[in-house]
Amino acid sequence: MNSGPTAERIHDALKRRIMGREFRPGDRLDPAVLAAPLASSVTPVRDALHLLTGEGLVETRTSGGFHIPALDEPALQDLYDWSAELLALAIRAWPHPVGNAMPVGGEEECPIADRVGALFLAIARRSANAEHARAIDQLNARLHAARTVEPHVLDKTEQELAAILSAAASGERDLLRRLSLSYHRRRRRAAADIVRAVYRVD
């Protein structure tokens, strides 16, 4: 029996739980334990975990089993650097001239991690290279947990996001580059504190 549709449902459910910090870095994900709450047999859960491994949200270890990847300061700094580089590439690949203002969603009542992800994806989708949006979409999921706790570590995150949103919506390419660089540098410097906040039990 093909577990494809079930595996896709399980994939989406587990992805939401991982992004929602229901698991902590290093936690083991046992397909047999996860199956019952997900109303599934073990095989679709295992298939979904393999998909999530390909997306960087889960890892397999030589000792066996699936785990949430451990997070440390250098690893988080690498993710922030990659985000900055991807956005710079996407902005560089915007059409010339930029043209009509880019529609950017993100209601204020949504969590800031969701709004950051939506904004960065909208910026990447303006690129002429569709691979930028695909890469940003995957990276958004990997950075979601860190973005969730950033407001507990950094001040003025709402003002910072509003400035990036304004520059993106109006197509101010050079200003957007500068704001993105400042955004990512600030988080890179605070990476150790953000990692501690990610591990902290709410």
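In this text the structure is predicted, and so the values were computed from the model without any measurement.

Let us now look at the pattern of salt bridges. Side chains that carry opposite charge are capable of pairing whenever their charged atoms lie near each other. Summed over all chains, the structure comprises 13 salt bridges. One salt bridge connects R115 with E158, and the closest N-O pair in it is separated by 2.7 Å. In this pair, R115 sits in helix α5 (residues 112-125) while E158 sits in helix α7 (residues 157-170), placing the two residues 43 residues apart along the sequence. You can call R115 buried: its relative accessible area is 9%. Residue E158 is classed as partly exposed on the basis of its relative accessible area, which comes to 39%. Notably, a salt bridge pairs R186 with D155, separated by 3.2 Å at the nearest N-O pair. Of this pair, R186 sits in helix α8 (residues 173-189) while D155 sits in the loop between α6 (130-153) and α7, and the two are 31 residues apart along the sequence. Among the charged side chains, a salt-bridge network with shared partners connects E150, D155, E160, R186 and R187.

Rules used in this analysis
Residues numbered from 1 in each chain as written. Predicted model: local features only at pLDDT ≥ 70, side-chain atom pairs only at ≥ 80, totals over all residues. Heavy atoms only, no water. Salt bridge = Lys/Arg side-chain N within 4 Å of Asp/Glu carboxyl O. Helix = DSSP H or I, 4+ residues; strand = E, 2+ residues; numbered from the N terminus. Buried < 20%, exposed > 50% of the residue type's maximum accessible area, 1.4 Å probe, protein only.

Shape is all these values report; function is a separate question.
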